[in-house]
Amino acid sequence: MTDPRRRIPRTDDLLKLLEGSPLAPHRRRAIVADAQARARRGDLAPEAVAEEVRAAVASTRASSLTPVLNATGVVVHTNIGRAALSEHAQRAMCEAAAYADVELDLLAGERSSTRGAGTRQALLAACPAAEDALVVNNGAAALLLATTALADGGEVAISRGELIEIGAGFRLPELIESARVSLREIGATNRTHVHDYIRAAERPDCRAILKVHPSNYRVEGFTASVTTAQLREVADAHGVALIVDAGSGLLRPDTALPDEPDLDTELRAGADVVIASGDKLLGGPQAGILLGRAEVIATLKKHPLARALRIDKIRLAALEATLNFDDVPVADYLHADEHTLRERVEAVAVTLRAGGMNCDVVPHDGRVGGGGAPGHPLPGWALRLPQSLAAPLRTGSPAVLPRVHDGACLVDLRCVPPASDAVVARAILAAGKEG
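As the structure is a computational prediction, the values presented were derived from the model and not from experiment.

1. Section: the packing of helix 2 (residues 25-41) against helix 3 (residues 49-59)
Here is step 1: It is the contact of helix 2 with helix 3, at a shortest axis distance of 9 Å, that shows an interaxial angle of 140°. Classed by the angle they form, the pair helix 2 and helix 3 counts as oblique. Helix 2 and helix 3 meet at a crossing whose hand is right-handed. Within the contact between the two elements, helix 2 uses Ile-31, Val-32, Ala-35, Arg-38 and Ala-39 and helix 3 uses Val-49, Glu-52, Val-53, Ala-56 and Val-57.

Here is the structure:
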């Protein structure tokens, strides 16, 4: 008998079918090879190979990243990219993606030194307590630059209660000590006093005091800590710099997050420089933001690390747009009205019940996430569904990410645009049929 594998189309013939495709040659070859391999295993009929190749090329997306509807109730969800960008920020990124005058004076036709000037101006307008600003790649880069430039070859005093480890095993102490800086641990895990900082600042090698907001945990009970204003007095008395890592990127006090430190308040309390991430409560792209005294920011800008850690033009544009416009999803999700959320969830429940699916509407507290306001509840509501629906929801099209808790699949609409409520309802009904 003739081996059916002999009927599998030749590679050259299949590649000819793809002439004119925008896919790169190596990607076309990979698709062809995959279809041929499936046919050799008997998973695909030889006669279907050509059509399978055409279909695979037509369905290939520009990126392997899958868009997700966030139905967890967690506003700044690290696993799905933290902050959702505003429409203005997305538009700014697209405009900056081609050629742009990032380091060019169009009037003079010469290279300029004003890279990121628009973003810097937007930051200073949003945080008047800052004299100058600098933006680098991310929050870790900002902390590395600040401690290296202000304490190179010396010691940085830090409370033992602020030696933080964040997601994926990333530890701030290890980051800082990767440069020519030594950490001087002071106090205890639960209690650190002013005199601890004074003793550290009196050491001849002390160059800076670092105060870090323990953004992803809380220490309660028999505790003591030192305020930024108190640390300012210590820093002045001993001629050392005061660095405050506020973490979450809240620019000003927010009544929805009463215990979360904000950059403006920390600067007014005396910090030489404050550090924050751009993709958390600020609601922008990944970025490391440094705000502070003019001479301190000037020192940071001159350090060789500043070039290695600088941010790209696309995220500079997105951050500027985030600061200059009010359509920031993170802010909307944080301040979502509890009663409106309930109405939206109940409307989806009506659709599901009409489709023959049983569900309950239950109270559900959302969370800030991303290391911001740990444990602080955001009152809301969710659909309670069988846990078996979680997997098909995650793998459906569109992908809907629910929360699995206490043996149930919870769908919280806090971080879902209202225009997508009907999409979520259809996805749940489809998942129910699959399950």
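2. Here's the deal with the pairing of strand 5 (residues 155-159)
Here is step 1: Of all five residues in strand 5, five are buried, a share of seventy percent or more.
Here is step 2: Residues Glu-155, Ala-157 and Ser-159 point to one face of strand 5 and Val-156 and Ile-158 to the other, with burial holding for every one of them.
Here is step 3: As judged from the five bridges shared by strand 5 and strand 6 (residues 182-186), these two strands associate in the parallel manner. Bridge pairing in strand 6 places Glu-155 opposite Ser-182.

3. Quick look at the UniProt feature "modified residue: N6-(pyridoxal phosphate)lysine" (unreviewed entry) in the protein
Here is step 1: Within this structure's numbering, the places UniProt gives as "modified residue: N6-(pyridoxal phosphate)lysine" (unreviewed entry) are Lys-280.
Here is step 2: In this view, Lys-280 contacts Val-76, Arg-82, Ala-83, Gly-247, Ser-248, Val-330 and Gly-370; residues no more than four positions away in its chain are not counted.

4. Examining the sheet that holds strand 11 (residues 360-363)
Here is step 1: The four strands are arranged 11-12-15-14 in an open sheet whose pairing can be described as antiparallel. Every other strand in the sheet has two partners, leaving strand 11 and strand 14 (403-405) as the edge strands with one partner each. Across the sheet, the mean angle separating the axes of adjacent strands is 40° when strand polarity is ignored.
Here is step 2: Across the sheet, helix 15 (residues 338-354) touches strand 11 and strand 12 (381-386), and the angle it forms with strand 12 is around 30°.

5. Notes on the domain arrangement of the protein
Interface size is commonly expressed as the accessible surface area that is lost when the partners come together.
Here is step 1: Each assigned domain of the protein is listed with its residue range as follows: domain 1 (4-59), domain 2 (68-77 + 332-432) and domain 3 (87-326).
Here is step 2: Measuring from the centre of the C-alpha atoms in domain 1 to the corresponding centre in domain 2 gives 40 Å.

6. Quick word on the nonpolar core
Here is step 1: Ranked by size, the top nonpolar core spans 37 residues in total, and within it Ile-209, Leu-263, Leu-291 and Leu-323 carry the most contacts.
Here is step 2: Judged by nonpolar contacts, the second largest core, of 32 residues, contains Leu-134, Leu-143, Leu-290 and Val-296.

7. Quick notes on the pattern of salt bridges
Here is step 1: If you walk through the whole model with that rule in mind, you get 27 salt bridges.
Here is step 2: Its salt-bridge partner being Arg-5, residue Asp-3 comes within 2.8 Å of it at the nearest N-O pair.
Here is step 3: Among the ionic pairs, Arg-232 bridges to Asp-272, the shortest N-O distance being 2.9 Å. Highlighted residues: Arg-232 in helix 9 (residues 228-238) and Asp-272 in the loop between helix 10 (263-268) and strand 9 (273-277), separated in sequence by 40 residues. As far as burial versus exposure is concerned, Arg-232 and Asp-272 are alike and both buried.
Here is step 4: It is possible to trace a salt-bridge network through shared partners that takes in Arg-232, Asp-236, Asp-272, Arg-293 and Glu-295.

8. Let's talk about the layout of surface pockets
Using a probe with the size of a water molecule, rolled over the atoms, empty space left in the structure can be pinpointed.
Here is step 1: Its boundaries defined by the atoms lining it, the largest pocket holds a volume of some 1,100 Å³.
Here is step 2: In terms of lining, the largest pocket is formed by 33 residues, of which the most central are Val-68, Ile-80, Ala-83, Ala-84 and Leu-85.
Here is step 3: Broken down by secondary-structure element, the contributors of at least two residues to the lining of the largest pocket are strand 1 (68-70), helix 4 (87-97) and helix 14 (329-334).
Here is step 4: Partitioning the lining of the largest pocket into residue classes produces 18 nonpolar, nine polar and six charged.

9. Here's the deal with the sheet that holds strand 10 (residues 288-292)
Here is step 1: Pairing is mixed across the open sheet formed by seven strands, whose spatial order is 4-10-9-8-7-5-6. What marks the edges here is a single partner per strand, and that holds for strand 4 (132-136) and strand 6. For this sheet, the mean inter-axis angle between neighbouring strands, taken without regard to orientation, is 25°.
Here is step 2: By the bridge criterion, five bridges tie strand 4 to strand 10 in an arrangement that is antiparallel. When the sheet's bridge partners are listed, Leu-134 is paired in strand 10 with Leu-290.
Here is step 3: Along the sheet, helix 5 (residues 117-126) makes contact with strand 4 and strand 10, crossing strand 4 at roughly 125°.
Here is step 4: Its contacts with the sheet put helix 8 (residues 194-201) on strand 5, strand 6 and strand 7 (206-212), and the angle it makes with strand 6 is roughly 150°.

10. Some points on helix 15
Here is step 1: With 17 residues, helix 15 extends 25 Å from end C-alpha to end C-alpha; this agrees with the ideal 24 Å at 1.5 Å per step.
Here is step 2: Within helix 15 the residues assigned to the buried category are Leu-341, Arg-344, Val-345, Val-348, Ala-349 and Leu-352. Burial along helix 15 is one-sided: seen end-on, the buried residues are contained in an arc of 140°. Away from its buried face by more than 90 degrees, helix 15 exposes His-339, Glu-343, Val-350 and Ala-354.

11. Considering unusual backbone geometry
Keep in mind that most residues, glycine aside, have a negative phi and that most peptide bonds are trans.
Here is step 1: In this structure, the amide linkage connecting Ser-397 to the following residue, Pro-398, adopts the cis form with an omega of 5°.
Here is step 2: Examined against the element boundaries, Pro-398 turns out to sit in the loop between helix 16 (390-395) and strand 13 (399-401).
Here is step 3: Residue Arg-82 is not a glycine yet carries a positive backbone phi of 60°.
Here is step 4: Along the chain, Arg-82 falls in the loop between strand 1 and helix 4.
Here is step 5: Phi is positive for Asp-406, close to 50°, though the residue is something other than glycine.

12. Description of a negative patch on the surface
Here is step 1: Among the surface-exposed residues, Asp-337, Glu-338, Glu-343 and Asp-365 lie close enough to one another that they form a single negatively charged patch.
Here is step 2: Among the structural elements, Glu-343 can be located in helix 15.

Definitions and limits used
Residues numbered from 1 in each chain as written. Predicted model: local features only at pLDDT ≥ 70, side-chain atom pairs only at ≥ 80, totals over all residues. Heavy atoms only, no water. Axes fitted to C-alpha atoms, helices over the stretch in contact; angles between N-to-C directions. Helix = DSSP H or I, 4+ residues; strand = E, 2+ residues; numbered from the N terminus. Parallel < 35°, antiparallel > 145°, perpendicular 65-115°, else oblique. Left-handed = near helix turned anticlockwise from the far one by under 90°. Contact = heavy atoms within 4.5 Å. Buried < 20%, exposed > 50% of the residue type's maximum accessible area, 1.4 Å probe, protein only. Pairing = 2+ DSSP bridges. UniProt positions renumbered as here; feature names shortened; annotations may be inferred. Domains from an automatic or database assignment. Core = buried A, V, L, I, M, F, W, Y, C linked by side-chain atoms within 4.5 Å. Salt bridge = Lys/Arg side-chain N within 4 Å of Asp/Glu carboxyl O. 1 Å grid on protein atoms, 1.4 Å probe; cavity = no way out; pocket = protein on both sides within 12 Å on 5 of 7 lines; lining within 4 Å. Points joined across faces, edges and corners; volume = space filled by probe spheres on them. Nonpolar A, V, L, I, M, F, W, Y, C, P; charged D, E, K, R; others polar. Expected span 1.5 Å × (residues − 1). Arc of directions from axis to C-beta. Patch = residues over 30% accessible without salt bridge, like charges linked within 9 Å, V, L, I, M, F, W, Y side chains within 5 Å. Areas by Shrake-Rupley, 256 points an atom, 1.4 Å probe, with all protein chains shown as cover. Lys, Arg positive; Asp, Glu negative; His and termini not counted. Charge placed at Lys NZ, Arg CZ, Asp CG, Glu CD.

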